[in-house]
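Chain residues, written in single-letter form:
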Amino acid sequence: MELSKNYIPTEVETKWYAHWMAKGYFSSQPDDREPYTVVIPPPNVTGVLHMGHCLNNSIQDILIRRARMMGKNACWVPGTDHASIATEAKVVAMLRERGIAKSSLTRDAFLEYAWEWKEKYGGIILQQLRKLGCSLDWDRTSFTMDPDYYQSVIGVFVELYNKGHIYRGKRMINWDVRAKTALSDEEVIYKEVQSKLYHLRYEVASEAGTEKTYITIATVRPETILGDAAICVHPDDERYKHLHGKFAFVPLINRRIPIIPDEYVAIDFGTGALKVTPAHDINDYQLGQKYQLEIIDTMNDDGTMNQDAQLFVGLDRLEVRKLIVPDLEAAGNLVKIEEYNNQVGFSERTDAMVEPRLSLQWWVSMKDLAAPALTAVMEDEIHFHPAKFKNLYRHWMENIKDWCISRQLWWGHRIPAYYAPDGRFAVATSAEDALVQLNTAENPLTIEQIKQDEDCLDTWFSSWLWPFEVFKGLSQPGNKELDYYYPTNTLVTAPEIIFFWVARMIMAGYEFQGKKPFTDVYFTGIVRDKQGRKMSKSLGNSPDLLGLIDKYGADAVRFGIMISSPAGNDLLFDESALEQGRNFNNKLWNALKLIKMWEARIGGQTEAHDQQEFAINWFENRLNTVRTEVESLMEQFRLSEALKIVYSLVWDDFCSWYLEWIKPGFEQPIDAKLYEKTVGYFEELMQLLHPFMPFITEEIYHLLGEQSEDLCVKQNKSLVKENTAVSAAGELLKQVISALRDARNKNQLKPKESIDLHIQTANQYSYQSIEAILAKQVNAKTIHYTQESVGNSIVVAVEKDKFFIETEKQLDASTLRAELLKDLEHQRGFLEAVTKKLSNERFVQNAKPEIVALEQKKQSDAMARIKTIEESLSNLPG
RNA sequence: GGGAGCAUAGCUCAGCUGGUUUAGAGCAUCUGCCUUACAAGCAGAGGGUCCGCGGUUCGAACCCGUGUGCUCCCA
C-alpha cells in the first residue's frame, strides 16, 4: 500500500469515529468492572464549540479513554443546559426578527416557540464534540429540562421549602432593567466607569425667623434623591454634631427627612454626609432597616421613574440623572461637580447597568447546606487539582450569602408556588396539591382560582443536580445505575464557576444523595489569546475551532491545546502550538513509512547482532520507564507533563535514537526479530499516546499490521520497572555521540567527511558492543582503542574517557584551544565551588551522608576532567 | 475596600521533600546539512542578577518577612 507523503487527518478522523460508534465502545452499562464516571459540564444549549470547551473536553476525553484502556468501565455522560437567560434572549431575538413581541404572546405560546427553537438549533455543540473525538456515551444524552429532570428540580424546590431552606422575601437584589429580571450576585460584572460626584446642599429645617442653613452631601446618583429617606453623618464628625436629630428637606420635592448619626459613614469621603435611599442602594437599605426609615421606591421595573418619584415620571433613570442637574442648579442646591471613578455593576447577560432594587424573590438559605460541603473539600474527601483552589473555596463558603433563585423568565423550571386570591400561597408539586393546602372550610377555593408563580428558577438550581440526575437519582431514587456510577470520579471545569456550580453540586450531592458528587475536581485554566486577553465575541479573538480542526486535524488541535496547559494555569492560545501538533502527526506518519519500507526486506543475514540487542534492550527499558512516569503523572492530573514526556519518547528516543541505531543500510535486509520488536514498540507507543491523540494512533496501529482488536479498547499491559544500568549505558552512548558530533560541527567537518576514531578508556569492552552504532552515528570509518594520546587530532572528553578524532582535514588549532580553555575555565569554577562546600566543616557534619558522598564524587570527576583537558591542551599542535 | 494567586531564557512554562554538577523543556533565534522516513525534517549551538531587599539554614529558585509589578475572585 502506498502511504501519502504527509499525514492527512480528515478522512481518517471521520472513519474511526464512525467505527468506534458502530462498535459501541463509548456506551456503558453497569457490570462487574470498576466504573469510571465523568459527567460533562453541560454546555448551554445555545452554545457553539469554543476554545474553552475544546480544552475542557479534551481533558475529559483523555481521562475517559485512559480509564477505558485500564480495564475500567468508562462512562462519560453528555448533555446540555437549558440556560434560561441566554436561551430566552435568543428566542426573543428570533421572534423580534419575525415581527413578534414577547409581550403579545401567552406563556404557553412563547414556550412553544422556545421548544421549537431548541429542537432546531439547540445542541449543535454536541455534534461538534464528535469532531474533537470525544468518546461520550451518546445514549445517555441529558438535558436539564427533560421531563424527569424537570420534575426532580420541582421536587427539590418543594423538599427544600418544606425543610425550611427556601423562603420568600423582600430583599435588595440586582435588577436587570433590560431583561426585567433579578440577577444573582454572580451574574453581575463590576466595571470601573467615569462618573461625576455631585455635591448637593439640602436645606436644614430651622425655626421660623432664623437664617437658612444647609447640609451638603455627595452622590453619583442625583436622580435617586427623590427616594431619599434620611441624611446620615458619622457620630464623631464635629462638623455635623449640631445637626443630630434635626431634619432637612429633599431638594425639588421638599420632603422632610431626618438627619441621623451612624458609624457606617466614612468621615473623609465626599462631604462626610450621606444621603440615604433605602429603595435603591444595598447599604442604604440596611441603614433603613436599622432606623426604620421609609422605603420610597421611585423606579419601575424597566428603569423608568414611577409616580412616587413625583418628578420625571416615565423617564429612564439615566436620562433623569442628566435632566435633574440643571433643575438642582436653578433651585440653588448644586454646590459643585467632581470627576470620579467608581465601580458599577452590569448585567452579565444584557450588559445593562444593574439597579439595586427591592423585590419579592425566592431564596435558598445557604448556611446549613454549605457546612458539609465545606468540610468535604477541606478534609480532602473531594480533591481539588490544583489544591490552591481550596483556599478560594473556603473563603467563599465561610462567607456564603443566601441564593436568589427566582428569575423573571418563562424558559426554565416554573416555580411551584401557588397563590390564593387573598395572597396566601402554598408550595407543591402540582396545582391539585396546592389546592388541598390552600382550601379551608371558611375559604373554599376551586383550582381555577389559584395561580402559579409566573417566575422561573435560576439555571444553576437545575444544574446543581446534574451529577446524580443524569442517572435519575431523584426521579428513580436508588436505581441500579445511580448505585453503580455515583459518586462520579472526576469533574473537569473552569475555576470561574467554582461557586456557581461546583460548590452547589457538592451541597446538592450531600443534601439529596448523602454522598459527594465526585472525588476529584480538575480545574482547567482560562483560554486567552496571545496577548493574554480573555476570548470573547466582542473582541473577535476567538478562533474558529472547527476551522482549526479542518486545517490541522483534531489530534493536532488536542495536542496543541494540551501541551501547554497545566491544571489551573491559564492557557495563552497560539496557533503555533497546533502546528507543533501537526508536525508531530507527520513525524509519526513518517516513522510508519520507514517501518513499512522495511516490511518487504525482512530476513536475510544481518550483521552486528550485539548492536541490535543493545538498541532493543535500551528502548524497551526506556519505554517501561516512561510508561511508569506517565502513570504517575496521570494519577496526579499532570496531563500536559505526561503528554510532553510521551512526545519526547516518540520523537527523540524512538525516532532520533532508536530507529537511527537499528536502521539497515540502503536497501539492506532487516532481521526478523528486530522488525517484530520494533513494530511492537511502535504499537505500544501508539497505545500510550492514544488518549491524547486518538485518531492517528488508531490509524497507525492498524496500518502496522493485522490487529485482532481496536486500540481504542486495547488494555494496557502491567508496568515493568526501569533497569537503571541499561538506562545509564544508553545515556552514555547518547552523550558520546552528541559530544563527537558537536566536535565535528565546531571543526567544520561536513556530515559526509568520515573520521577515524580512537578511544582511550578503561572500559573497552562496553564500547565494543556498540561500535557499529557509534561508527554510524558519527560517521567514523574506523574505531581503534588506544592507551595514549593521539597527536594532531580533535580531543573530546566524556566522563573519564577520551576520544580522538583523526581526519584528513587540516585542523584549526586555535579554535580547538579556545574551546578547550573555555571548558577548562568552567570546570575549574565548578571544582572550586564543590571544594569550598566540602571544606566547610559544618556542611560535612550536618548534611546527609549521601549528599556529602555525591559532592565528593563531583569533586573527583571534575578533577579528572580538568586533567584530561590539560593533557589535551598540551597535546595540541603549535 | 476584602481575599487569593503569580513573578525562572526573547515567548510559554517545568522545577513536587531545601542538597542530583554554576537551573531544565518546548517554541523562537543562530550555524551546518535538501544524508533514500520526515525541510511540517536532520545534526549542533547560543541564550538566565531564578523580580528587588532583608532573614532562617552548613546549604535557598524553593522556607519566612518586606517592597515592587501583574492577574484573578469577591464587594
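Residues numbered from 1 in each chain as written. Chains lettered and ligands numbered in written order. Predicted model: local features only at pLDDT ≥ 70, side-chain atom pairs only at ≥ 80, totals over all residues. Heavy atoms only, no water.

Draft legend 1. Molecular detail of the pattern of salt bridges. In total, this model carries 46 salt bridges according to the counting rule given. The shortest N-O distance in the salt bridge between Arg414 and Glu454 comes to 3.4 Å. Residue Arg414 is found in the loop between strand E17 (406-407) and strand E18 (417-419), and its partner Glu454 is found in the loop between strand E20 (451-452) and strand E21 (456-457); the two are separated by 40 residues along the sequence. We classify Arg414 as buried; its relative accessible area is 17%. The salt bridge partner of Asp861 is Lys857, with a shortest N-O separation of 2.9 Å. Note that Asp861 and Lys857 are positioned in helix H28 (residues 849-875) at a spacing of 4 residues, about one turn of the helix. On the accessibility criterion, Lys857 (49% relative accessible area) is partly exposed. (Salt bridge = Lys/Arg side-chain N within 4 Å of Asp/Glu carboxyl O. Helix = DSSP H or I, 4+ residues; strand = E, 2+ residues; numbered from the N terminus. Buried < 20%, exposed > 50% of the residue type's maximum accessible area, 1.4 Å probe, protein only.)

Draft legend 2. Spotlight on the sheet that holds E20. Read across the open sheet, the 3 strands follow the order E19-E18-E20; overall the sheet is antiparallel. In this open sheet, the two strands that pair with only one neighbour each are strand E19 (425-427) and E20. With 2 bridges connecting them, E18 and E20 associate as antiparallel partners. Paired with Tyr419 across the bridge in E20 is Lys451. Sitting on the sheet, helix H11 (residues 431-438) touches E18 and E19, and the angle it makes with E19 is about 130°. (Pairing = 2+ DSSP bridges. Contact = heavy atoms within 4.5 Å. Axes fitted to C-alpha atoms, helices over the stretch in contact; angles between N-to-C directions.)

Draft legend 3. Examining the packing of aromatic side chains more closely. Enumeration according to the criterion identifies 46 aromatic pairs in this entry. Each ring, one from Tyr149 and one from Trp466, has its centre 6.0 Å from the other, and the planes form 40°; the classification is tilted. Residue Tyr149 is found in helix H6 (residues 147-162), and its partner Trp466 is found in helix H13 (residues 466-469); the two are separated by 317 residues along the sequence. Given the relative accessible area of 3%, Tyr149 is considered buried. A relative accessible area of 0% means that Trp466 is categorised as buried. Members of the aromatic cluster, connected to one another through ring pairs, are Phe157, Tyr161, Trp362, Trp403, Tyr419, Phe425, Phe461, Trp464 and Phe512. Positioned over the ring face of Phe247 is Arg256, at 3.9 Å from the centre of the ring. Note that Arg504 overlies the ring of Trp403, its terminal NZ or CZ placed 3.9 Å from the centroid. (Phe/Tyr/Trp six-rings, centres within 6.5 Å; stacked < 30°, edge-to-face > 60°. Lys NZ or Arg CZ within 6 Å of the ring centre and 35° of its normal.)

Draft legend 4. Summary view of unusual backbone geometry. Going from His385 to Pro386, the amide bond is cis rather than trans, its omega being -5°. Here Pro386 is to be found in the loop between strand E15 (383-385) and helix H10 (389-398). Following Tyr486, the chain continues to Pro487 via a peptide bond in cis, the omega torsion being 0°. With respect to the helices, strands and loops of the structure, Pro487 is situated in the loop between helix H14 (480-485) and strand E22 (488-493). Phi is positive for Asp380, close to 60°, though the residue is something other than glycine. Relative to the helices and strands, Asp380 is located in the loop between helix H9 (367-378) and E15. Under the relative-accessibility criterion, Asp380 is labelled partly exposed at 36%. You will see that Lys472, though not glycine, has its phi angle at about 55°, which is positive. Along the chain, Lys472 turns up in the loop between H13 and H14.

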